[in-house]
Amino acid sequence: MTTVVKEKRVRMHYRLVLENGLVVDSTGEEPTELEVGAGEILPGLEDLLIGLQPGDQREFAIEAGTMFPWPEKEAFQSVPRNQFPPDAELEEGQIYEFTSPSAEAVPGRISELSEETVTVDFNHPLAGKNFTFEVEILEVHPADE
């Protein structure tokens, strides 16, 4: 059986689950494939795959601050409400996609609403949160296949 090591391709299912059971990211029905060591996922999560084999299913408890930084106050920004489309239905906790000056999509979580402003948290959604990384390894093969 082939073992996960750097420079191998891994086909797998994964889920990132908060302590309250909320799934914040997953492969869903279709598995994903990545090259270990290519930076396609966080290095810390990649490291947890090393040594696993096809058929392995694991759950890794990730403590707050180990994979994602702690939330930073500077990442909270007040945005004038008129910067949003007039028909936008905004609510606290909602993830809203903004466009950066370089035309990249940037998600932000709406943390507070008023008539004049919308406070947006641009910290990573997992910043400061404990979560579980669940993984099922389906296949491991050379990167050039």
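Look up a bit, the structure's there.
The sections below set out a description of the structure shown in this document.

About the cut-offs
Residues numbered from 1 in each chain as written. Predicted model: local features only at pLDDT ≥ 70, side-chain atom pairs only at ≥ 80, totals over all residues. Heavy atoms only, no water. Helix = DSSP H or I, 4+ residues; strand = E, 2+ residues; numbered from the N terminus. Rg over C-alpha atoms; globule rule 2.2 N^0.38 Å. Buried < 20%, exposed > 50% of the residue type's maximum accessible area, 1.4 Å probe, protein only. Contact = heavy atoms within 4.5 Å. Lys, Arg positive; Asp, Glu negative; His and termini not counted. Charge placed at Lys NZ, Arg CZ, Asp CG, Glu CD. Pairing = 2+ DSSP bridges. Axes fitted to C-alpha atoms, helices over the stretch in contact; angles between N-to-C directions. Core = buried A, V, L, I, M, F, W, Y, C linked by side-chain atoms within 4.5 Å.

Points about the overall build of the protein
- Counting its secondary structure elements, the protein contains one helix and nine strands.
- Sequence-ordered secondary structure for the protein, helices as α and strands as β, is β-β-β-α-β-β-β-β-β-β.
- Taken against the 2.2 N^0.38 rule, which gives 15 Å for 145 residues, the C-alpha radius of gyration of the protein at 18 Å runs more than 25% over that of a compact globule.
- For the protein, the C-alpha atoms occupy an extent of roughly 60 × 30 × 25 Å along the three principal directions.
- By the burial criterion, 31% of the 145 residues in the protein qualify as buried.
- Sequence separation of at least 24 residues holds for 63% of the intrachain contacts in the protein that already meet a minimum separation of 6.
- Between the centroid of the 10 positive side chains of the protein and the centroid of its 30 negative side chains there is a distance of 4 Å.

What to know about the pairing of strand β7 (residues 105-113)
- Inspection of the sheet shows strand β6 (residues 95-99) paired to β7 by five bridges, in the antiparallel sense. Bridging from a neighbouring strand, Thr 99 pairs with Ala 105 of β7.
- Looking at chain direction, β7 and strand β8 (residues 117-121) are connected through four bridges and run antiparallel. Residue pairing in the sheet places Ile 110 in a bridge with Val 120 of β8.

Section: the sheet that holds strand β5 (residues 76-80)
- The antiparallel open sheet is built from four strands, whose spatial order is β5-β8-β7-β6. Where the open sheet ends on each side, the last strands, each with one partner, are β5 and β6. Between one strand axis and the next, the sheet turns through 45 degrees on average, direction left out of account.
- Relative to β8, β5 is paired through five bridges, and the arrangement is antiparallel. In the sheet register, Phe 76 faces β8, and the bridge partner there is Asp 121.

Some remarks on the environment of Val 36
- Position of Val 36 relative to the elements: it lies in the loop between β3 (32-35) and α1 (43-49).
- Here Val 36 is in contact with Val 4, Val 5, Lys 6, Glu 7, Lys 8, Val 10, Glu 46 and Ile 50, once residues within four sequence places are set aside.

Some remarks on the nonpolar core
- Membership of the largest hydrophobic core comes to 22 residues, with the highest contact counts inside it found for Val 4, Met 12, Leu 49, Phe 131, Phe 133, Val 135 and Ile 137.
- Filtering out sequence-adjacent residues up to four positions away, Ile 137 remains in contact with Val 4, Val 10, Arg 11, Met 12, Leu 49, Leu 52, Gln 53, Pro 54, Gly 55 and Asp 56.
- If you look at the next biggest cluster of nonpolar residues, it comprises eight residues, including Val 79, Phe 84, Tyr 96 and Val 118.

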